[in-house]
Amino acid sequence: MATTAAEPTRRDFLFIATGAVGAVGIASAVWPFVSQMAPDAATVAAGAPVDVDLTPVAEGQILKLFWRGKLIFVRHRSAQEIKDAQSVDVASLRDPEADAKRVKAGKDQWLVVYGNCTHLGCVPLGNEGAYKGWFCPCHGSVFDTSGRIRQGPAPTNLPLPPYEFVSDTKIRIG
Amino acid sequence: MAGHSTYVPKTAVGRWFESRLPIVGLIHSSFVVFPNPRNLNYLWTFGGILAFMLVAQIVTGITLAMHYTPHATMAFGSVEHIMRDVNYGWLIRYLHANGASMFFVAVYVHIFRGMYYGSYKAPREILWILGVIIFLLMMATAFMGYVLPWGQMSYWGATVITNLFSAFPVVGETIVTFLWGGYSVDNPTLNRFFSLHYLLPFMIAGVVVLHIWALHVPGSNNPAGIEKKTDKDTLPFHPYFTVKDALALVVFIMLYCWFVFYTPNFLGHADNYIEANPAVTPAHIVPEWYFLPFYAILRAIPDKLMGVLAMFGSIAVLAFLPWLDTSKVRSGSYRPMFRFFFWLFAVNAVILGWLGAKPADGLYVIASRICTAYYFGYFAILFILGFVEKPSKLPASIAESVLGRQGSAAAVGASAAAEPNTKG
Ligand code: HEM
Ligand code: FES
């Protein structure tokens, strides 16, 4: 220690300079290895919009389809189901959202939601559970006919995928 | 590892080699002359059994990998191909699948042994923490291995477990997307799980080396929980413990073979013989039996984030055990109050496992909550016990605990070499 001068030496300079370059080097080397974990270009490209023809979906039926590898439910709701969904006191919900916010205006009969339970991702069963919306067999989450969480461990409502009506009987998801 | 080497190679070549790489001497000092407490019981044979199981999994696993295809459209078919077409493929796969279960049987015995005899206490804290790390790596390995056959349980198990990370606020969703390499469990997920499933066992092997290194600094704990003091307290590893370990291993392998040959799917789930279908979840999804207690803890808590934290916490708390147990006495044999709570903890863990396999409603949920409370409560109780419990009298030495006061005195002069054959 006594030999180390109080003055910074050339070695001190080299130590700090090398360390600084090394830190930047490590950070930039780690980046590609983290980034490769993200969805790759092909997976992202598979997220191109899909058109769904609604004419064959009868009232009471739930259509299942995939977009970007994710399951989507398209549900043709009956008048009773719509009424049940609308007549709920929104403030009493765990994830308060009015039914009108979850469907397109004037298209109350069509509910389009992601098909994986917001708890841990299982596929809930349609027309089951206390509210006849969905019931998740994995840990017992119950969703209503608007896809809103009513009972069980799931924290949020079934989310809505981005979609729009391109004609009266056709939607475009994505 | 610790230097007890008295080893001198007999041949000139041996001496030439030893002076350049003293590896034979290392093995000699670690596994031949290493002085073990003479009172070790059969619970101390599970370390060796675990080492065997790790090697068995690596050998069967690498063989399976020669026939297996890690692709979402082909994985399920390739496992069936292993079962039907590959010579002895059925045997190798059943050895691997049941081997994972037997590995966990052994590790649970090993952990409870440590908890009963206070093996985690000073000076073995690092040794214990390395063990907890191995346990975590084993769980990660087994989880990812179970995804590989790409059956319904594989797929939905992967979905549920990776989704646990979505509970974390802000970054949760991003973490899950990065784990999947997509927007759901799919081919990229299967690919990376295969890569990691291949890697992790070798990381386990590395930590096992550290674990044994840390073990050989103080040496093994023992049923009396007191340190060895004189040569009278110990016996050389070979032949006394090599034989004991080998006998236990053979009996253990018999049980392993019973599963493999007589009921190879008993510990599995029939749903995993249905190919993965992202549109349908099986009516009753449960993890493999060795995860059930932790799964029960997850489901006992009605809040998603808290449930996930409780589950991870139930494993993490083990790492802190050396500081949560305040008693100076190691062995449960000399702690009357501890013994009661310990056995209650053990029974509680089994009940949690049973609850983890039951549907999550009604009384099962209430029972899970009570059991979860005791699981964590146990560690608080241990903390208090150290202050209030009055331990029974410890033997003066390991030799005395085996031979009694008389015997330990007699053994000094008597034929020390012949006598140990009656004990140990
Ligand atoms: C810590 C050691 C290991 C454990 C606990 C373990 C666990 C498992 C489990 C539980 C399965 C699912 C079995 C089934 O139901 O079919 C599996 C499958 C598989 N493992 Fe491992 N494994 C280990 C080491 C290895 C190693 C070192 C390899 C080498 C590459 C390997 C390769 C495979 C392959 C190819 C499969 C898929 C075939 C099959 O499902 O049988 N494993 N593993
Ligand atoms: S995944 Fe639906 S309730 Fe847990």
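Because the structure is a prediction, the values reported are computed rather than measured. (Residues numbered from 1 in each chain as written. Chains lettered and ligands numbered in written order. Predicted model: local features only at pLDDT ≥ 70, side-chain atom pairs only at ≥ 80, totals over all residues. Heavy atoms only, no water.)

Enquirer: Honestly, the overall build of chain B in this entry has me stumped. Any pointers?
Expert: The number of helices and strands found in chain B is 16 helices and 2 strands. Its C-alpha atoms give chain B a radius of gyration of 24 Å, near enough to 22 Å, the size a compact globule of 424 residues would have. The principal-axis extents of the C-alpha atoms in chain B amount to approximately 75 × 60 × 40 Å. Expressed as a percentage of the 424 residues in chain B, the buried residues total 50%. For chain B, contacts bridging at least 24 residues in sequence account for 80% of all contacts bridging at least 6. About 19,600 Å² of surface is accessible on chain B, with carbon and sulfur atoms providing 73% of the total. (Helix = DSSP H or I, 4+ residues; strand = E, 2+ residues; numbered from the N terminus. Rg over C-alpha atoms; globule rule 2.2 N^0.38 Å. Buried < 20%, exposed > 50% of the residue type's maximum accessible area, 1.4 Å probe, protein only. Contact = heavy atoms within 4.5 Å. Areas by Shrake-Rupley, 256 points an atom, 1.4 Å probe, with all protein chains shown as cover.)

Enquirer: Explain the overall build of chain A here, please?
Expert: Within chain A, the secondary structure is distributed over 3 helices and 10 strands. Start at the N end of chain A and walk to the C end: the helices and strands fall as α-α-β-β-β-α-β-β-β-β-β-β-β. The C-alpha atoms of chain A give a radius of gyration of 26 Å, which is well past the 16 Å a tight globule of 174 residues would have. By principal-axis analysis of the C-alpha atoms, chain A measures approximately 90 × 35 × 30 Å. Long-range pairs, those at least 24 residues apart, make up 52% of the contacts in chain A between residues at least 6 apart in sequence. Accessible surface for chain A amounts to roughly 9,500 Å². Of this, 61% is attributable to carbon and sulfur atoms.

Enquirer: Explain the layout of surface pockets here, please?
Expert: Picture a little ball the size of a water molecule; that probe, rolled over the atoms, points out where space is still empty. Residue and element names in this part refer to chain B. Of the volumes computed, that of the largest pocket is approximately 1,200 Å³. Taken together, 48 residues form the lining of the largest pocket, with G47, G48, H110, H211 and I212 sitting closest to its centre. Breaking the lining of the largest pocket down by element, the ones donating at least two residues are α3 (46–65), α5 (89–116), α6 (125–147), α9 (187–216) and α10 (237–262). When residues in the lining of the largest pocket are grouped by element, the largest group, 8 residues, is from α3. Of the residues contributing to the lining of the largest pocket, the split by class is 30 nonpolar, 14 polar and 4 charged. Of the volumes computed, that of the second largest pocket is approximately 810 Å³. If you trace the second largest pocket, you find 35 residues lining it, with M139, A140, F143, I161 and F165 closest to the centre. Among the elements of the structure, α6, α7 (152–163), α9, α11 (292–300) and α12 (304–319) are those that each provide at least two residues to the lining of the second largest pocket. The residue makeup of the lining of the second largest pocket, split by class, is 30 nonpolar, 3 polar and 2 charged. (1 Å grid on protein atoms, 1.4 Å probe; cavity = no way out; pocket = protein on both sides within 12 Å on 5 of 7 lines; lining within 4 Å. Points joined across faces, edges and corners; volume = space filled by probe spheres on them. Nonpolar A, V, L, I, M, F, W, Y, C, P; charged D, E, K, R; others polar.)

Enquirer: I keep staring at the packing of aromatic side chains and nothing clicks. Help me out?
Expert: Working definition: an aromatic ring pair is given by the centre-to-centre distance plus the angle between the planes. Residue and element names in this part refer to chain B. In total, this model carries 44 aromatic pairs over all chains according to the counting rule given. Plain terms: the ring middles of Y88 and W90 are 6.5 Å apart, the flat faces sit at 40 degrees to each other, and that makes the pair tilted. Of the residues examined, Y88 reaches a relative accessible area of 56% and is grouped as exposed. Taking relative accessible area as the criterion, W90 reaches 34% and is therefore assigned partly exposed. (Phe/Tyr/Trp six-rings, centres within 6.5 Å; stacked < 30°, edge-to-face > 60°.)

Enquirer: Please clarify how the coordination of the iron atom of ligand 1 should be interpreted in this entry.
Expert: In an ideal tetrahedron of four donors about a metal, each angle is 109.5 degrees. In an ideal octahedron of six donors, the angles are 90 or 180 degrees. Residue and element names in this part refer to chain B. At the metal site, the iron atom of ligand 1 is ligated by H96 (NE2) and H197 (NE2), and these contacts range over 1.9 Å. Given 6 donor atoms and angles of 86 to 179 degrees at the metal, the environment of the iron atom of ligand 1 is assigned as octahedral. Residue H96 is found in helix α5, and its partner H197 is found in helix α9; the two are separated by 101 residues along the sequence. For H197, a relative accessible area of 16% puts it in the buried group. (Donors = N, O, S within 2.8 Å, 3.2 Å for Na, K, Ca; no water. Tetrahedral: all angles 85-135°; square planar, octahedral: opposite > 155°, others 65-115°.)

Enquirer: Just checking my understanding: could you explain the site of ligand 1 for this structure?
Expert: Residues and elements named next belong to chain B. Taken together, 24 residues form the shell around ligand 1, and within it R93, H96, P149, H197 and Y198 come nearest. Here a nitrogen atom of ligand 1 sits 2.8 Å away from a polar atom, N or O, in the side chain of H96. The side chain of H197 places a nitrogen or oxygen atom 2.7 Å from a nitrogen atom of ligand 1. Judged by the proximity of its atoms to the pocket grid, ligand 1 belongs to the largest cavity. Elements with a contribution of two residues or more to the shell around ligand 1: α3, α5, α6 and α9. It is α3 that contributes the most residues to the shell around ligand 1, 6 residues altogether. (Near = heavy atom within 4 Å. Polar contact = N/O pair within 3.5 Å; in protein donor to acceptor, adjacent residues only side chain to side chain. Sits in = over half its atoms within 2 Å of the grid points.)

Enquirer: Would you explain the state of the cysteines in this entry?
Expert: Note on terminology: disulfide describes a covalent bond linking the sulfur atoms of two cysteines. All names here are of chain A. Per the counting criterion, the structure on display carries 1 disulfide over all chains. The residue that forms a disulfide with C122 is C138, at a sulfur-sulfur distance of 2.0 Å. Judged by the sign of its S-S torsion, about -90 degrees, the cystine formed by C122 and C138 is left-handed. Highlighted residues: C122 in the loop between β4 (110–114) and β5 (125–126) and C138 in the loop between β6 (134–135) and β7 (142–143), separated in sequence by 16 residues. Both residues of the pair, C122 and C138, belong to the buried class. (Disulfide = S-S within 2.5 Å.)

Enquirer: How should the domain arrangement of chain A be read in this particular structure?
Expert: By convention, interface size is frequently given as the accessible area that disappears when the constituent parts associate. Segmenting chain A into domains produces domain 1 (9–38) and domain 2 (44–173). Put simply, the middle of domain 1 of chain A and the middle of domain 2 of chain A, counted by C-alpha atoms, are 48 Å apart. (Domains from an automatic or database assignment.)

Enquirer: When you look at the nonpolar core in this model, what are you seeing that I'm missing?
Expert: Within soluble globular proteins, side chains that are nonpolar tend to cluster in buried spots. In this structure, F104, F135, W150, Y375 and Y378 of chain B are the most contacted members of the largest nonpolar core, which totals 118 residues. Per element, the largest residue contribution to this core is 14 residues, and it comes from α6 of chain B. Look past the residues within four positions of F135 of chain B in its chain and what remains in contact with it is F104, V107, Y108, I111, F294, I315 and L318 of chain B. Core analysis: the second largest hydrophobic core is formed by 13 residues, W67, V74, Y114 and I171 of chain A among them. (Core = buried A, V, L, I, M, F, W, Y, C linked by side-chain atoms within 4.5 Å.)

Enquirer: Help me understand the environment of S78 of chain B in this model?
Expert: Relative to the assigned elements, S78 of chain B resides in helix α4 (residues 75–84). Setting aside its immediate chain neighbours within four residues, S78 of chain B contacts H67, Y68 and T69 of chain B.

Enquirer: Which parts of the structure should I look at to understand empty space enclosed by the protein?
Expert: All names here are of chain B. All chains considered together, the criterion is met by 3 cavities of 30 Å³ or more. Quantified by volume, the largest cavity comes out at close to 880 Å³. For the lining of the largest cavity, the per-class residue count stands at 28 nonpolar, 12 polar and 3 charged. Estimates place the volume of the second largest cavity at around 50 Å³. Around the second largest cavity sit R299, A300, L355, K358, P359, A360, Y364, V365 and S368, which together line it. Listing elements by their share of the lining of the second largest cavity, those giving two or more residues are α11 and α15 (363–388). With 3 residues, α15 is the largest single contributor of residues to the lining of the second largest cavity. A breakdown of the residues in the lining of the second largest cavity according to their chemical character gives 6 nonpolar, 1 polar and 2 charged.

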